Amino acid sequence: MRLDVVTIFPEYLEPLRVALLGKAIDKGLISVGVHNLRDWTHDVHKAVDDSPYGGGPGMVMKPTVWGPALDDVLAGPDGETDPEVLLVVPTPAGRRFDQATAQRWSQEKRIVFACGRYEGIDQRVFDDAARRVRVEEVSIGDYVLIGGEVAVLVMVEAVVRLLPGVLGNQQSHQEDSFSDGLLEGPSYTRPAVWRDLEVPPVLMSGDHGKVARWRHEQSLERTRERRPDLLPSDD
Ligand SMILES: N#Cc1c(-c2ccc3ccn(Cc4ccccn4)c3c2)n[nH]c1N
């Protein structure tokens, strides 16, 4: 999988080169390109934003900078737009990014992420791109960030961990939270007693059936308590 990120803060994406994601790059499972949007500016001040039409707070990112940047980054080897690439735009106004989205995107060959700042990017940038590629405007949650970079880190980690070979045998996304629609239950490791707190005895029983049933019940209880919205409605 090839991932490209366009941002005015390339250093924000350095964590992509650390730990498991860095190993995935080293193993050739993914390749990552980070592009500084200011490389496509035209003026001495390298301006990327301007005042919003219609007034209002803050600034909007310029289509005359983003357009050429995406023309180049969305291009394939022949210099023409790669029709198969997926353009992802983090925004508080986006559809919700969830595990199903991560699963779906893990099948993509190429994903380009457009990281906005300020009050966002001129909408015409995505209206224009949508003439040539698939565009998804997504939000990672119901809170407001300062820009898209952190959201890209979240989404890239959620997607890349699903790729074969990224997680070692000791880890697996097969029994992820959300994959079965329930929250993960509690986990325990040695010692058996810690600060007078014991590991639930069923986990020491060696009875795999009992352990599995207990874990499922714990997941159900935790989901009911913390995320009832994940459970099927009674009606
Ligand atoms: N994904 C996601 C996001 C974002 C997000 C993503 C990209 C940008 C680019 C600029 N801003 C600041 C901003 C503030 C106010 C109104 C518009 N834009 C972003 C915020 N906030 N919360 C999420 N779940």
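Shown above is the structure to which this text applies.
Here we summarise the structure given alongside this text. The shown structure was predicted, so the numbers you read here are calculated from the model rather than taken from an experiment.

A sheet is described by the order of its strands in space; here 5 strands give the open sequence β2-β1-β6-β5-β7, paired in parallel fashion. Only two strands of the sheet have a single partner each, and these edge strands are β2 (31-36) and β7 (134-139). Shown here is a sheet whose adjacent strand axes are inclined to one another by a mean of 25°, direction ignored. Where helix α2 (residues 63-73) meets the sheet, its contacts fall on β1 (2-7), β2, β5 (86-96) and β6 (110-114), and the angle it forms with β1 comes to roughly 165°.

Tracing the backbone through its elements, the reader meets R117 in the loop between β6 and α4 (124-129). Taking the C-alpha atoms as reference, R117 lies 26 Å from G22; in sequence the two are 95 residues apart. With residues near it in sequence (within four places) discarded, R117 still touches I8, F9, Y12, M61, I146, G147 and E149.

Near the ligand you find 18 residues, and of these P90, S139, G141, Y143 and L145 are the closest. A distance of 3.1 Å separates a nitrogen atom of the ligand from a polar side-chain atom of S139. One nitrogen or oxygen atom from the main chain of I140 is found 3.4 Å from a nitrogen atom belonging to the ligand. Within the complex, the protein chains bury 89% of what would otherwise be the 510 Å² of accessible surface of the ligand. Among the elements of the structure, β5 and β7 are those that each provide at least two residues to the shell around the ligand. For the shell around the ligand, the element with the most residues is β5, which contributes 3 residues. Within the shell around the ligand, the residues separate by chemical class into 10 nonpolar, 6 polar and 2 charged.

Cut-offs applied
- Residues numbered from 1 in each chain as written.
- Predicted model: local features only at pLDDT ≥ 70, side-chain atom pairs only at ≥ 80, totals over all residues.
- Heavy atoms only, no water.
- Pairing = 2+ DSSP bridges.
- Helix = DSSP H or I, 4+ residues; strand = E, 2+ residues; numbered from the N terminus.
- Axes fitted to C-alpha atoms, helices over the stretch in contact; angles between N-to-C directions.
- Contact = heavy atoms within 4.5 Å.
- Near = heavy atom within 4 Å.
- Polar contact = N/O pair within 3.5 Å; in protein donor to acceptor, adjacent residues only side chain to side chain.
- Areas by Shrake-Rupley, 256 points an atom, 1.4 Å probe, with all protein chains shown as cover.
- Nonpolar A, V, L, I, M, F, W, Y, C, P; charged D, E, K, R; others polar.

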